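# Summary of structural features
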Amino acid sequence: DSGVTQTPKHLITATGQRVTLRCSPRSGDLSVYWYQQSLDQGLQFLIHYYNGEERAKGNILERFSAQQFPDLHSELNLSSLELGDSALYFCASSVGAAGGPLETQYFGPGTRLLVL
Amino acid sequence: GNSVTQMEGPVTLSEEAFLTINCTYTATGYPSLFWYVQYPGEGLQLLLKATKADDKGSNKGFEATYRKETTSFHLEKGSVQVSDSAVYFCALRGPGGSARQLTFGSGTQLTVLP
């Protein structure tokens, strides 16, 4: 158990819908990262938040957005869903933002999204 | 940009066989290198890491050495077990600036048969 929690574990929805994925980082971690794992794209970085502020964006679609709240949990919002958005969405947390040599990202169990 | 190229899978071995999964990378400067493992139905777990050239990361009998001259970080284990069956991901994190996120390879599925 990494200490990172994600809910829900599974999500089935229809095209055009909107969903929210939730992530709680490990106690004391200020950074949250979101990754998408799909069969065709592999594991891709989406977005990074540190202490409530967006720090970096990767291959995140405009239909997707995220935020980190004062209690440090984060939510990933996916809207106007398409079949191709079906994937496993992971969040990871780490202590800081600088990512020094000793810093490790700890991953949650993921949310499996199926868009029908 | 940063990239990781990982040995194509799937790999099937008999128990107690020697394992090598190749990983090479492209990055500017001196990235940190990682191997993550994903067991069926679970999230990613950090297996080992190395943060500078010639460092050797090791854990649970797995080893990988950071080779800057060949830009490689190959994963090895002398004697695999059925319980090692999983998907293995090589990853890097940039050396500084804004590149705090991980860049992953495509993953290698390992199946160990009894």
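Residues numbered from 1 in each chain as written. Chains lettered and ligands numbered in written order. Predicted model: local features only at pLDDT ≥ 70, side-chain atom pairs only at ≥ 80, totals over all residues. Heavy atoms only, no water.

Another aspect to go through is the nonpolar core. Generally speaking, a soluble globular protein has its nonpolar side chains buried in company with each other. Core analysis: the biggest nonpolar cluster contains 26 residues, and W35, L47, L48, F73, L75 and Y88 of chain B have the highest contact counts within it. If you list the elements that add at least two residues to this core, you get β2 (11–14), β3 (19–21), β4 (23–26), β5 (32–38), β6 (44–50), β8 (62–65), β10 (86–93) and β12 (108–113) of chain B. Ranked by residue count, the leading element in this core is β10 of chain B, at four residues. Residue contacts for Y88 of chain B: discarding those within four places in its chain leaves Q6, I21, W35, Y36, V37, L47, F62, L75, G107, T108 and L110 of chain B. Of all hydrophobic cores here, the second largest spans 21 residues; its members include L21, W34, A66 and L78 of chain A. (Core = buried A, V, L, I, M, F, W, Y, C linked by side-chain atoms within 4.5 Å. Buried < 20%, exposed > 50% of the residue type's maximum accessible area, 1.4 Å probe, protein only. Helix = DSSP H or I, 4+ residues; strand = E, 2+ residues; numbered from the N terminus. Contact = heavy atoms within 4.5 Å.)

All names here are of chain A. Within the secondary structure layout, Q68 lies in strand β7 (residues 64–68). Classification of Q68 as buried rests on a relative accessible area of 7%. There is a polar contact of 3.2 Å between the side chain of Q68 and the backbone oxygen of L30. At 2.8 Å, the side chain of Q68 forms a polar contact with the backbone nitrogen of G52. Residues within four places of Q68 in sequence aside, it is in contact with L30, V32, Y49, Y50, N51, G52, E53, H73 and S74. (Polar contact = N/O pair within 3.5 Å; in protein donor to acceptor, adjacent residues only side chain to side chain.)

The next point concerns the interface of chain A and chain B. Taken together, the contacts link 21 residues of chain A with 16 residues of chain B. Between chain A and chain B, the buried area comes to about 1500 Å², and carbon and sulfur atoms account for 54% of it. At the boundary of chain A and chain B, one finds zero salt bridges. The interface formed by chain A and chain B holds four residue pairs in polar contact (both at pLDDT 80 or more) in total. Contributions of two or more residues to the side of chain A that touches chain B are made by β4 (31–38), β5 (42–50) and β9 (87–94) of chain A. By residue class, the composition of the side of chain A that touches chain B is 13 nonpolar, seven polar and one charged. (Buried area = accessible area lost by both parts, 1.4 Å probe. Salt bridge = Lys/Arg side-chain N within 4 Å of Asp/Glu carboxyl O. Nonpolar A, V, L, I, M, F, W, Y, C, P; charged D, E, K, R; others polar.)

Residues and elements named next belong to chain B. One can find Y66 in the loop between β8 and β9 (75–77). With relative accessibility at 0%, the residue Y66 sits in the buried group. Put simply, Y66 and A53 are 13 residues apart on the chain and 5.2 Å apart in space, counted from C-alpha to C-alpha. The contact partners of Y66, leaving out residues within four places of it in the chain, are Y25, Y30, P31, L33, A50, T51, K52, A53, D54, D55, S72 and F73. Side-chain polar atoms of Y66 contact the backbone oxygen of P31, separated by 2.7 Å.

What follows covers the state of the cysteines. Residue and element names in this part refer to chain B. Applying the stated criterion across every chain, the model contains two disulfides over all chains. What pairs with C23 in a disulfide is C90, and their sulfur atoms sit 1.9 Å apart. Looking along the S-S bond of the C23-C90 disulfide, the torsion reads about -70°, which is the left-handed sense. On the criterion of sequence distance, the pair formed by C23 in strand β4 and C90 in strand β10 is long-range, its members being 67 residues apart. Overall, C23 belongs to the buried group, its relative accessible area being 1%. (Disulfide = S-S within 2.5 Å.)

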